[in-house]
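# Reading the structure
Listed below, chain by chain, are the residues.
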Amino acid sequence: LEDLHYELIVVGAGAGGIAAALTAARLGVRTLLIERENKVGGTAVLSGVSIWEMGVSGTGISRDIYERLAQIPDAVGIYSVYNHCCWPKDGAPTFPGGQFIVDSDRTYADTLRRYGTRGYAADETMCRETWHGLPFEPEIFSQVVRDMLDETGCCDVWADSELVDISTDGGKIRTCKIQRSDAYINVIGDVWIDSTGDASLCALAGCRMMFGTESQDEFGEPDAPLVASSETNGVSLVYRVSRDSSKWLTPPSLLPTDCWWTDQFPVANVVEYPNGDWNMNMLPTMEGEVYYGMAAGDAYQECVRRVWAHWRWTQQAWPEFTGCGISWIAPKVGAREGPRVVGEYVLTEQDVLGGITQQIHADIIAIADHAVDIHNTTESNRCAEPKEPYGIPFRCLIPKGWQNLLVACRGASFTHIAGASCRLTRTMMQIGQAAGTSAALAKANGCLPREVSAKYLRKALSEQVVVLDYRELLQKGFINHGIH
Ligand SMILES: Cc1cc2nc3c(=O)[nH]c(=O)nc-3n(C[C@H](O)[C@H](O)[C@H](O)COP(=O)(O)OP(=O)(O)OC[C@H]3O[C@@H](n4cnc5c(N)ncnc54)[C@H](O)[C@@H]3O)c2cc1C
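Residues numbered from 1 in each chain as written. Predicted model: local features only at pLDDT ≥ 70, side-chain atom pairs only at ≥ 80, totals over all residues. Heavy atoms only, no water.

### Focus: the pairing of strand β8 (residues 161-169)
When β8 meets strand β9 (residues 172-180), the two strands line up antiparallel, connected through eight bridges. If you follow Ser-161 over to β9, its bridge partner there is Arg-180. Taking the residues that link successive antiparallel strands as the turn, the β8-β9 hairpin has two residues, and the phi of Gly-170 there is positive, at about 55 degrees. (Pairing = 2+ DSSP bridges. Helix = DSSP H or I, 4+ residues; strand = E, 2+ residues; numbered from the N terminus.)

### Observations regarding the sheet that holds strand β16 (residues 325-329)
Spatially, the six strands line up as an open sheet ordered β4-β5-β14-β15-β13-β16, and their pairing is mixed. Of all the strands in the sheet, the pair left with one neighbour each is β4 (79-84) and β16. For this sheet, the mean angle separating the axes of adjacent strands, direction not counted, is 25 degrees. Alignment of strand β5 (residues 97-102) against strand β14 (residues 268-272), held across four bridges, turns out to be parallel. Bridged to Gln-99 within β14 is Val-270. Against the sheet, helix α9 (residues 296-317) touches β13 (239-242), β14, β15 (278-282) and β16, its axis set at about 155 degrees to β16. (Axes fitted to C-alpha atoms, helices over the stretch in contact; angles between N-to-C directions. Contact = heavy atoms within 4.5 Å.)

### Regarding the site of the ligand
Around the ligand sit 33 residues, and of these Glu-35, Thr-43, Ile-51, Arg-410 and Arg-423 come closest. A distance of 2.7 Å is found between an oxygen atom of the ligand and a side-chain nitrogen or oxygen belonging to Thr-43. About the coverage of the ligand: the protein hides 95% of its 1000 Å² of free accessible area. At the level of elements, α1 (15-26), β3 (51-52), β8 and β17 (334-335) are the ones that each hand at least two residues to the shell around the ligand. At three residues, the largest contribution of residues to the shell around the ligand is made by β8. (Near = heavy atom within 4 Å. Polar contact = N/O pair within 3.5 Å; in protein donor to acceptor, adjacent residues only side chain to side chain. Areas by Shrake-Rupley, 256 points an atom, 1.4 Å probe, with all protein chains shown as cover.)

### As for unusual backbone geometry
Put simply, Leu-283 and Pro-284 share a cis peptide bond, and its omega is -15 degrees. Tracing the sequence through the fold places Pro-284 in the loop between β15 and α8 (288-293). At Asp-160, a position not held by glycine, the phi torsion is positive, near 50 degrees. Structurally, the position occupied by Asp-160 is in the loop between β7 (155-158) and β8.

### Some remarks on α1
Taking 1.5 Å per residue as the helical rise, α1 with its 12 residues ought to reach 16 Å, and the 17 Å between its terminal C-alpha atoms agrees with that figure. Within α1, 11 of the 12 residues are buried, which leaves it mostly tucked inside the rest of the structure. Among all positions in α1, only Ala-15, Gly-16, Gly-17, Ile-18, Ala-19, Ala-20, Ala-21, Leu-22, Thr-23, Ala-24 and Ala-25 are buried. Phi turns positive one or two residues past the end of α1, at Gly-28, with a value near 90 degrees. (Expected span 1.5 Å × (residues − 1). Buried < 20%, exposed > 50% of the residue type's maximum accessible area, 1.4 Å probe, protein only.)

What follows is the structure, encoded as structure tokens:
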């Protein structure tokens, strides 16, 4: 059999991968999107993280997807903060985390800002006014994205297909071997985008990788520890609770009543789905270091036990959950952080907290404004809120020294601290959109994506309504961009 050939191969159909493939295919690049699971969506679907948090990254592809979801009943909503453990009420026990409810008065434009508050504890009024995220139905999201990819007529989507090997030559990837059922297929690619979350294509290619927490010496980050360690952000197994008893799962019979893995049961982000169910995200279910030290199957089983224990505690202590039961536990543990590649530029804490007016990069292709959000017991749950958004340079998407390879996922070139801010789904979509656009510009100009002029890349993104100047995201700007 002759090997198949594509102009672009995107590996991994999570947030970064779907945006990269959709963008490139819309621009006429013959694209193959490979996903090892049986559906597209990645963490947002299989790990139950079906919530886009508020933030300035929400322009471009994510908004296009929202417009499609909004046409389907109960597919997507916009939330406001309702209850929070930082805001006790009349001496009553505080809610076990944050509770966010669908608010039909809000519009997409209301979801585009995080920066500028001092956080939950110090700034209830502004959090209530400006923080609005989007919960959506994961299965509908997956189908809508699949339809949008098919509509391009330029993208083949292979689910249940895992990239298992590659051949390289002089800083370029040439071919890959894909396992589909029991068969192996070789595919040739001109350009490659690693959207595997863990940057596993980069690792396979032999790129320099980072893992865990970098020391202060390495990138001069003020809040990095003196000594590097294998600590990573905690993982969570998301679950769903419903009032419909016909959907309830049966709890295990033997379960300790006390929390056995930490001092007290963790708080949770509790977000209302458009149909009234609750998305429960424990913060976290397991320390990252413990998770990566266990076999995947064992870690999942232990997280399931913790879910049941957490739910029993939550339900007994808070009347909000009377009459509810667990209807779904995500089939995959959600990892906030894993291996990352060293790129031509490494995004650091100084970029994130210094903000865009301090940054001198000419190649900013995405903006973000989420807090540095670390969930583990030893780093005191740092949650520094940026005063203004910051930019992500295109060079973070280019593995150092590599020619036809880009990375567009949480495994891009971010330090542990910077990644703890920019990992959000819509930010990953924005970097995916930049990677896909650069592949199209490279094709048009007969060059490599890394050689595409930053000026033209930014202009092309602007034509796709990716807003890179956050000041445009004022009320007037929303209207100018048709974002309501
Ligand atoms: C518990 C948790 C809560 C979060 N909460 C929020 C939130 O509220 N709001 C928000 O915006 N963000 C949130 N995030 C962050 C966000 O969800 C993720 O960082 C983001 O979705 C990651 O996208 P990605 O494209 O990097 O990777 P993923 O979505 O993980 O996609 C990677 C894909 O690559 C596939 N893959 C991997 N290897 C291969 C291979 N060899 N061959 C083929 N396919 C492969 C995987 O199956 C997967 O589908 C949260 C994350 C976690 C874990």
